[in-house]
Amino acid sequence: YDAYVEDPLARMEMTPAGFAGITQTILSLAQDICDGKVVFLLEGGYHLKGLQTCVLKSLDELTEHGSPPRAWRSSELFEVIQAKSKVNFEPYWKVF
């Protein structure tokens, strides 16, 4: 979310509506390419109010403007990745 219009470092001109539009585009492409599967990771964004607003715009698109997301189904692979992530990140962050 560094691209936010008021972010002090990136100096880009992305508005909250722009982040909503990018999310819509990603979701549309995901439908065509990978059965609608997407992963979003939050990194960056140094204007905290803008970060909040832009993330909420993205979440609105991901949840179809407030509709609950699809049910989560874990898998063995996910459990392995989660366990390894916890071991690697726990010294630095409180994880899970």
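Scroll up a little and you will see the structure.
Definitions and limits used
- Residues numbered from 1 in each chain as written.
- Predicted model: local features only at pLDDT ≥ 70, side-chain atom pairs only at ≥ 80, totals over all residues.
- Heavy atoms only, no water.
- Helix = DSSP H or I, 4+ residues; strand = E, 2+ residues; numbered from the N terminus.
- Expected span 1.5 Å × (residues − 1).
- Buried < 20%, exposed > 50% of the residue type's maximum accessible area, 1.4 Å probe, protein only.
- Arc of directions from axis to C-beta.
- Contact = heavy atoms within 4.5 Å.
- Lys, Arg positive; Asp, Glu negative; His and termini not counted.
- Salt bridge = Lys/Arg side-chain N within 4 Å of Asp/Glu carboxyl O.
- Polar contact = N/O pair within 3.5 Å; in protein donor to acceptor, adjacent residues only side chain to side chain.

**Q** Help me out: how do you make sense of helix H2 (residues 48-62) in this one?
**A** Each full turn of the α-helix corresponds to 3.6 residues, which orients residues three or four apart in the same direction. Over its 15 residues, H2 extends 21 Å from the first C-alpha to the last, a length consistent with the 21 Å expected when each residue adds 1.5 Å. Turning to H2, its buried residues number three or more, namely Gly 50, Leu 51, Cys 54, Val 55, Ser 58 and Glu 61. Seen from one end, H2 has its buried residues packed into an arc of 125°, which puts them on one side. With respect to the buried face of H2, the exposed residues turned more than 90 degrees away are Leu 48 and Lys 49. Elements in contact with the buried residues of H2: helix H1 (16-34).

**Q** Please explain the side chain of Glu 61 as it appears in this structure.
**A** Position of Glu 61 relative to the elements: it lies in helix H2. It turns out Glu 61 is buried and unbridged, and the closest side chain with the opposite charge, Lys 57, is 7.0 Å from it. Among the polar contacts made by the side chain of Glu 61, one reaches the side chain of Gln 24 at a distance of 3.1 Å.

Functional significance is not addressed by these values, which are geometric in nature.
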